[in-house]
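Residues per chain, in single letters:
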Amino acid sequence: MADQNSDALSAGLVGRQLIEPGDFSVAELESIFELADQIIADPKTAGDWAKGRLMASLFYEPSTRTRFSFESAMMRLGGRVFGFDDPKTSSVSKGETLMDTAKIISCYADIAVIRHPKEGTAKLFAQSVPGMPVINAGDGGHEHPTQTLTDLLTIRHLLGSCDGHTIGLCGDLLFGRTIHSLVKTLNRWKGNRFIFISPKELRMPEYFLSMLPEGSYIETDSLDDVIGDLDILYMSRVQRERFVNEEEYIRLKDVYILDKKKMKKARQDMIVMHPLPRVNEIATEVDADPRAVYFKQAKFGMYVRMALISKLLGVGR
Ligand code: CP
């Protein structure tokens, strides 16, 4: 019966589009994580699952992890990739609309991944090609669903489940799309509690706090006061590109720097996560601490994208 259920879930994901984590049910997300676990256990088994398939990789905004992890994921599945990381090299520079670009891409590719600085763009692209798997690789300050999948797989893999954790989110909680997505999604699992750590200028937006269950969070500006209570410390970069005022950015950018001294106050089983890139918020001296898992997290990102691509294409197990 369990196998029948998981077959039905997999069949239900074929051809789907992922614009925000809420597009998939918890059971569907768990089925992606289970496949990622199988791939992690034996990566070579997936080596030809996407043979003969093509992925379009459309990056209208800079990226290291998301683009390379998607592209390496597709290649590790035996598929191939085309696309751009500089939209000036496409006919966008001649004034082609995103909707037309989407329709053209659907003539050539089996699946498309799009990152864009403007909120809502991935949805617009996806709506132009119904039936084609489209994955949002980050749209401005809105959503970055595969970062959330990466974060959840990391938590599940290293702490055993996504339930019942105390998670400290530290830094830029105002503009941090990965933070908003992660909190919203972890709230779909049971018993998670959040500690939001930020200066008042970079607090979680009021509208966001009003959506959270009463008693599920507290706010503070002191990392030192709460670090000893955490199962997970999720650090974030102050996002220079979202600031209108450069002086304000400079004033706030180094408010929190996680270093060895602060790590001494943390529990031995706490993990430190970060979506990366980091600037100054985690001193490099912390990298050697076994609790620092942000580079492992980036690798989990490739495995979860392998599982996601396989599910949307209907290939593999
Ligand atoms: N975490 C993340 O999205 O990194 P990139 O911007 O390098 O893709």
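Residues numbered from 1 in each chain as written. Predicted model: local features only at pLDDT ≥ 70, side-chain atom pairs only at ≥ 80, totals over all residues. Heavy atoms only, no water.

Structural notes on the packing of aromatic side chains
Two aromatic rings are characterised by how far apart their centres lie and by the angle between their planes. Enumeration according to the criterion identifies five aromatic pairs in this entry. For the pair Phe194 and Phe196, a centre-to-centre distance of 6.2 Å together with 5° between the ring planes defines the contact as stacked. This pair shows no difference in class: Phe194 is buried, exactly as Phe196 is. One aromatic cluster is present, built from ring pairs that chain together Phe194, Phe196 and Tyr217. Across the ring face of Phe70, the terminal group of Arg305 is positioned such that the distance to the ring centre comes to 5.0 Å. (Phe/Tyr/Trp six-rings, centres within 6.5 Å; stacked < 30°, edge-to-face > 60°. Buried < 20%, exposed > 50% of the residue type's maximum accessible area, 1.4 Å probe, protein only. Lys NZ or Arg CZ within 6 Å of the ring centre and 35° of its normal.)

A look at the site of the ligand
In the region of the ligand, the neighbouring residues are Ser63, Thr64, Arg65, Thr66, Arg115, His144, Gln147, Pro275 and Leu276. Between a nitrogen atom of the ligand and a main-chain N or O atom of Pro275, the distance comes to 2.9 Å. Between the ligand and Leu276, the relevant distance is 2.9 Å, taken from a nitrogen atom to a main-chain nitrogen or oxygen of the residue. Compared with its free state, where it exposes 250 Å², the ligand has 91% of that area covered by protein. (Near = heavy atom within 4 Å. Polar contact = N/O pair within 3.5 Å; in protein donor to acceptor, adjacent residues only side chain to side chain. Areas by Shrake-Rupley, 256 points an atom, 1.4 Å probe, with all protein chains shown as cover.)

Some thoughts on the nonpolar core
For soluble globular proteins, the rule of thumb is that nonpolar side chains tend to be buried together. Counting 57 residues, the largest nonpolar core has Leu169, Val183, Phe196 and Ile309 as the members making the most contacts within it. No other element matches helix H12 (residues 294-313), which puts ten residues into this core. Not counting the four nearest positions on each side in its chain, Ile309 is found in contact with Met55, Phe70, Ala73, Met74, Leu77 and Ile111. Grouped together as the second largest cluster of nonpolar side chains are 20 residues, Cys170, Ile227, Leu276 and Ala292 included. (Core = buried A, V, L, I, M, F, W, Y, C linked by side-chain atoms within 4.5 Å. Helix = DSSP H or I, 4+ residues; strand = E, 2+ residues; numbered from the N terminus. Contact = heavy atoms within 4.5 Å.)

Here we look at the packing of helix H2 (residues 26-41) against helix H6 (residues 145-159)
Closest axis-to-axis distance for the H2/H6 pair is 11 Å, and the angle between their directions is 65°. For H2 against H6, the interelement crossing comes out right-handed. Residues Leu29, Glu30, Ile32, Phe33, Glu34, Ala36, Asp37 and Ile40 of H2 form the contact with H6, whose own contacting residues are Leu149, Leu152, Leu153, Arg156 and His157. Its residues placed into classes, the contact of H2 with H6 shows eight nonpolar, one polar and four charged. (Axes fitted to C-alpha atoms, helices over the stretch in contact; angles between N-to-C directions. Left-handed = near helix turned anticlockwise from the far one by under 90°. Nonpolar A, V, L, I, M, F, W, Y, C, P; charged D, E, K, R; others polar.)

Overview of the packing of helix H4 (residues 98-108) against helix H5 (residues 121-128)
Where H4 contacts H5, the two axes come as close as 8 Å, and the packing angle between them is 50°. Classified by the angle between their axes, H4 and H5 sit oblique to one another. Remark: the crossing between H4 and H5 carries right-handed chirality. Contacts from Leu98, Met99, Ala102, Lys103 and Ile105 of H4 reach H5 at Thr121, Leu124, Phe125 and Ser128. (Parallel < 35°, antiparallel > 145°, perpendicular 65-115°, else oblique.)

Side note on unusual backbone geometry
In the segment running from Leu276 into Pro277, the intervening peptide bond is cis, with an omega of 5°. Of note, Pro277 is situated in the loop between strand E9 (271-273) and H12. Positive phi is not limited to glycine here, since Leu276 has a value of about 60°. Considering the arrangement of structural elements, one finds Leu276 in the loop between E9 and H12. Using a relative accessible area of 12% as the deciding quantity, one classes Leu276 as buried.

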